[in-house]
Structure formats: C-alpha cells, structure tokens
Amino acid sequence: MGNRGMEELIPLVNKLQDAFSSIGQSCHLDLPQIAVVGGQSAGKSSVLENFVGRDFLPRGSGIVTRRPLILQLIFSKTEYAEFLHCKSKKFTDFDEVRQEIEAETDRVTGTNKGISPVPINLRVYSPHVLNLTLIDLPGITKVPVGDQPPDIEYQIKDMILQFISRESSLILAVTPANMDLANSDALKLAKEVDPQGLRTIGVITKLDLMDEGTDARDVLENKLLPLRRGYIGVVNRSQKDIEGKKDIRAALAAERKFFLSHPAYRHMADRMGTPHLQKTLNQQLTNHIRESLPNLRSKLQSQLLSLEKEVEEYKNFRPDDPTRKTKALLQMVQQFGVDFEKRIEGSGDQVDTLELSGGARINRIFHERFPFELVKMEFDEKDLRREISYAIKNIHGVRTGLFTPDLAFEAIVKKQVVKLKEPCLKCVDLVIQELINTVRQCTSKLCSYPRLREETERIVTTYIREREGRTKDQILLLIDIEQSYINTNHEDFIGFANAQQRSTQLNKKRAIPNQGEILVIRRGWLTINNISLMKGGSKEYWFVLTAESLSWYKDEEEKEKKYMLPLDNLKIRDVEKGFMSNKHVFAIFNTEQSTRREERRDPKSSYGF
Ligand code: GDP
Ligand code: MG
C-alpha cells in the first residue's frame, strides 16, 4: 500500500463510523479510534481545541462533557464543521458549534445534567488539522459534584470502560503534570484494560504549572511508568489565557518556546508539544487501522451476511399496504411448504453442508438405525434351542415323535415375529421426531410473525401426529398378518426340507464352511491395533461376526481366514460414536466380567452406528 492509500485510511474509517452511527446501536463494529480519557480538568478539551486551533468545546464547572463526542478531524482547504445529526448545515462559526454540542447533549440527556453513552458525531474540516478521529469522553470524577446523582461516578467510569476496553481503541491518557503520575486517574483506568500499556499513549499537560525546581523529565523520557507508545508533553492555554481570549496560534508559539527554553525538556523539544502530538496520533492511528483491516473486513462481511438474512425475513413486510397482507401471508405459508419438501425430499440448491437435513436423517433411520435395532434384539441361541426342544417335546406329549412337528416351528417363529413390534414402533417414533424438528426449522423463517409461526406449527404437527397413529396401526396389522400365517412355500423361506440343500450350496460357494447367512450378525472392516510393535500402527481386516464366533479375513472375498475367535457367553453392544470420530465402534463383552473391545470401521456403512 502506497503512502496515498495510507492517508485515506482514517477518512475511510470515518465513513464507516458515520454509517454505523446512523443505523444506531443495533449494529456495531469496533472501529479503530482514539479515546481521550483523563480526570476532570486534566486538559482533554484543551488538547482537542489546540489540534483544531479553535475554541469550540463547551466549558464550565462540573461535568461538562456528558456524551461521548466523536470528533473527526479532516484535512481540507476550507474550514468548517458539520454534525452527523444535522448534516445539511455547514458551521463556519465555531461559537455556534459549541452551542450545538450543548443543545444536542441536552436533547438526549435532558437538562438535568445526566450523562448518556450515545455519541455526538462532529466533523471538523480545516487546513490546520491532520486526519484524526478522537473520542472526547466525560472526565473521570472522584466525588459527586453539586447536584449530580451520587452514582454518576460509576456511570462515567462504565461509559469510559465501554470505549477503552475495545481492543480496537487506542487510549490517550491525559494527566496533568502538577499531580502525582502514580495517582493519575487516566493511567489507572487505562491499566485496567491495557495492563501491558500496549495501546495507551500518555499525554502530560500543565507542564507550565509545575512547582519551581520540579520537572517531568523522567516521565517524558518514558522512565517512570513506561508505556510502549511513550509520553508526549504539552502546554495548553491557562484559564487566564482563555478568559483573555488568547489566540490559539499565539498559544502554540508560546508552547514551542516553553519546550525550547526549558532546561529539562530542551533536548527533546522536537518530541514535545501539540503539533508533534497531532502528528504522532495521526501516524499511530493510521498504522493501527492498517493492522486492524483484515479483522475489520471479516467482521463486516459476517455482519453483512446476517443483515441480508434479516432483510430476507422482512421482504414481504409492507405495513403501509393492507392489500399486501394476505398475499404476504400466502407467500410465507407457500414458502414453508416448499422448504419442508426440500428438506425431506432433498434438493440440489442451497445444500446445507453443516448438518444433515430431515430427509437424510430419516434415510439414516430406515437404513442404519432400524437394521441396527433389529440385530440388537437380544436372542440367545442357547435359550432358543431350549425353547425349540421344549416346544417339540410338549407337542409330542407322551408320545415320542419321529418327525419335527410344524406346530413347534410355528410356535417359536410367532414368538420371534412379535418381537419385531418394538423396533418397528421405535422407528416410527424416530421418524416422527425428525419430521417435527424439520417443521420447527422451516417455521423459524416466520419468527417475525410469532402467531403465524405458532399456528403453522400447530396445524402441521397435529396432522403429523394423526398420521403417526395410523402408521402404527398399519404396522401392527402387518405384523399380525405375518404372524397369523407362515407361508413356508415362499422362496425366501428356508424350510427344513431345503435348508440342508441350501447350506451345502453355500458351503460350496465359500471356501470356509459357514453357519449360513441367517447367523451372520455383521460384516465389515475391522481395525486391529498394534499387531506387533515392530510394524507399529494398525491393520485392516474383513470380519464376519456370527452368534458363535468372530472371524477375520484378508479381504471381502472371505477366502483367506486369519483368525477365528469363539464367542462363548459374549454379547454385543454398540458404543456411542466419539466426538470428531467417524469410526463405528461396538463392544463385545462377557456378561460375567471383563470387556473386550473391537473397533470396526465400515466405509460402506451398511449398519453404521
Ligand atoms: P478537561 O476537563 O480535561 O477537558 O480540561 P480542560 O481542557 O477544560 O482544562 C481545564 C482547565 O485547565 C482549563 O481552565 C484550562 O485552561 C486549564 N489547562 C489545561 N491545560 C493546561 C495547561 O497545559 N497549562 C495551564 N496553565 N492550564 C491548562
Ligand atoms: Mg472537557
């Protein structure tokens, strides 16, 4: 960035400042600026007036500055001032500027000398200034003054802190030389928010009022209470000078003479005085803005996005036109329908990459959660075999049977089919929950119209609930149907007659004899960690989990078996997925005691838990 660009940084921030002031407190950006703080009568106003070379700030006893004054100094060939609150008027008479500040202060605070954090924005164009933005803040008060309410001290402190605690602010801490630096209100307050003194600039006023034989050399050489940005000494007009209407130009000349002739300051006269202070502030603020730009840019962008969102919400809102009301209502309801369908049915535009849509979640319930609930259904093969054997024996009664009776088979199968009810109903519950969440997400666009939102949610939710009842009835009916007649002729059915044949077929197909498809609980990839320390790391195997064993193979072909682990008395339980992890983990554990855990990662995620 060239020099020219740098010069424009302060005016650029001024424009932003005005834009934000005009839209009020709702939108706020911490712009880089200089906040002027100091005790009452420390000389803050005098410093600012010296920069401009004009008397334009209110004076008097008690708390004179009662609203923050954002003072933008802009280098210009002609000299005039303007306020943001009455931009059309150009002030050339600076007495009028003072009157307007007083009047505008009272407009917000009332005439009873209250304070307000709502700033007044004043812009001064002048050939004598360097571009600079300063905030004149109320003086730090120690004791309640006159007719001020007693808590005003805290109100002022709060207001000052509100401005200087922003990392974006430089702090101009004004301290009079005729008081002990260690007791400086300005430095104490600055230290609260900038303990390392990185963004505090010290200003020492009233050097001319120091007792005979004392000086502030140590302070000004940054030796006493060092600040990274150092201290600059100034000499403003005294009360007598002001009353005598001493010209500021003459005052600046006197200030220069003071530093050049004073034995303690002569050697650093070039680094002292109002013009040097102004130049330093201009440079430091410019650098500070440059450093803050990237951050500022990203903040502005995110504010823009959120504003655009808000604009979207109000796009149908035309309170002045009653005929638009119905149309707007219909449009919003229609939009709700479209949004809902997109979220459930899926859509190519505006795809959410942060979270799964309702439709995708429902898909997951159907294809991952539901099958999981099915395999999770506890069935202990030993119990089942015992039940079968009892059923057969009970059906034979006193007779000894030759053939396995179908009745026994049916009795057992029916018992198993009934068990499907619970996972099926649970699946419906999960889907309903997703639908209702989706309704809520879609109605959030209507948040500017709370009653419409409430009513929309109520109607749609009632409808979903009604359908929920009917769906559950239907599912229970289906299960009843399945249970009432077992069609052993169906091709999917492995009857006793062809079970044997099928099992041999399967055995031929696979190199390794298998218990048959029915008993496989899960297949997938498995990670085995630290096979040997020498190789280190982990290795992937294809696993097959059956009720009796966990085997792992080289790959999906299931030809090369690496190991088979018998699983007597073991149960399977899925383990919650960890934060940031895409691994699906389940535990195989002994019901009696210790836990063994296998990690499984399944890229195709046929179960995925
Ligand atoms: P503020 O309350 O911090 O804004 O202080 P002012 O700028 O209003 O100054 C308070 C009083 O101190 C005024 O009477 C000024 O004339 C006087 N004053 C400020 N700076 C100096 C200075 O450097 N030397 C002298 N002699 N008087 C000063
Ligand atoms: Mg003042």
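As shown above, the structure is provided for reference.
Not measured: the values here are computed from a predicted model. The written sequence of each chain sets the order in which its residues are numbered from 1. Chain letters and ligand numbers both follow the written order, the letters beginning at A and the numbers at 1. Reporting in this predicted model follows two pLDDT cut-offs: at least 70 for local features of residues, and 80 or more for side-chain atom pairs to be given and counted; totals over whole chains, interfaces and linings ignore these cut-offs and use all residues. Hydrogen atoms and water are omitted, and side-chain values are computed over all heavy atoms in the structure.

(A) The arrangement of empty space enclosed by the protein in detail. Only protein atoms enter the 1 Å grid used here, on which a cavity is any set of points holding a 1.4 Å probe that cannot leave and a pocket is any open set flanked by protein within 12 Å on both sides along at least five of seven lines; residues with an atom within 4 Å of a point are listed as lining. Grid points are joined across faces, edges and corners, and a volume is the space filled by probe spheres set on the points. If you walk through the whole model with that rule in mind, you get 2 cavities of 30 Å³ or more. Looking at the largest cavity, the residues that line it are Asp18, Gln72, Glu82, Phe83, Leu84, Lys87, Asn121, Leu122 and Arg123. The numbering of helices and of strands both runs from the N terminus, where a helix is a DSSP run of H or I of at least 4 residues and a strand a run of E of at least 2. Looking at the lining of the largest cavity, the elements with two or more residues in it are strand 3 (80-83) and strand 5 (120-126). Residues are grouped as follows: Ala, Val, Leu, Ile, Met, Phe, Trp, Tyr, Cys and Pro are nonpolar; Asp, Glu, Lys and Arg are charged; every other residue, Gly included, is polar. Looking at the lining of the largest cavity residue by residue, the class counts come to 3 nonpolar, 2 polar and 4 charged.

(B) Representation of the packing of helix 5 (residues 152-164) against helix 6 (residues 185-193) in the model. Interaxial angle, 0 to 180 degrees, is taken between N-to-C directions of lines fitted to C-alpha atoms, where a helix line uses only the stretch in contact. Where helix 5 meets helix 6, the closest approach of the two axes is 10 Å, and the angle between their N-to-C directions is 50 degrees. Comparing their axes, helix 6 and helix 5 come out oblique. Classified by chirality, the crossing of helix 6 by helix 5 is right-handed. Facing Lys157, Ile160, Leu161 and Ile164 of helix 5, the residues of helix 6 in contact are Leu189, Ala190, Glu192 and Val193. Of the residues assigned to the contact of helix 5 with helix 6, the class counts are 6 nonpolar, no polar and 2 charged. Note on angle classes: values under 35 degrees are labelled roughly parallel, values over 145 roughly antiparallel, values of 65 to 115 roughly perpendicular, and the remainder oblique. Helix crossings fall into two classes, left-handed where the near helix is turned counterclockwise from the far one by less than a right angle and right-handed where it is turned clockwise. A contact between two residues is defined here by any heavy atoms of the two lying within 4.5 Å.

(C) Region of the structure containing the pattern of salt bridges. Salt bridge, as applied in this entry: a Lys or Arg side-chain nitrogen positioned within 4 Å of an Asp or Glu carboxyl oxygen. Counted by the stated rule, this structure contains 35 salt bridges. The partner of Glu468 in a salt bridge is Arg465, and the shortest N-O contact between them spans 2.8 Å. With Glu468 and Arg465 both in helix 16 (residues 450-484) and 3 residues apart, the pair spans about one turn of that helix. The buried label goes to any residue with under 20% of its type's maximum accessible area, the exposed label to any with over 50%, and the partly exposed label to all in between, with areas taken from a 1.4 Å probe on protein chains only. What makes Arg465 partly exposed here is its relative accessible area of 41%. The closest approach of N and O atoms between Lys554 and Asp555, which form a salt bridge, is 3.8 Å. The class of Lys554 is partly exposed, set by a relative accessible area of 43%. Each of Glu49, Asp55, Arg59 and Arg237 takes part in one network of salt bridges that share partners.

(D) The sheet that holds strand 7 (residues 169-176), seen in detail. Pairing between strands requires that DSSP locate at least two bridges from one strand to the other. The 9 strands are arranged 4-3-5-2-6-1-7-8-9 in an open sheet whose pairing can be described as mixed. The open sheet terminates on both sides in strands that have one partner only, identified here as strand 4 (86-91) and strand 9 (231-233). Direction aside, the axes of adjacent strands within the sheet are offset by 25 degrees on average. In this sheet, strand 7 lies alongside strand 1 (residues 33-38) in parallel orientation, the contact comprising 6 bridges. Bridged to Gln33 within strand 7 is Ser169. Packed onto the sheet, helix 6 meets strand 1, strand 7, strand 8 (200-205) and strand 9 and runs at close to 155 degrees relative to strand 7.

(E) Examining the packing of aromatic side chains more closely. Pairing of aromatic side chains requires ring centres within 6.5 Å, counting the rings of Phe and Tyr and the six-membered ring of Trp. Pairs whose planes differ by under 30 degrees are stacked, by over 60 edge-to-face, and all others tilted. One pass over the structure, following the stated rule, counts 9 aromatic pairs. Measuring from centroid to centroid gives 6.0 Å for Phe258 and Tyr265, while their planes differ by 35 degrees, and the two rings are tilted. Overall, the relative accessible area of 1% leaves Tyr265 in the buried class. Consider the rings of Phe259 and Tyr265, whose centres lie 6.0 Å apart with planes at 70 degrees: the pair is edge-to-face.

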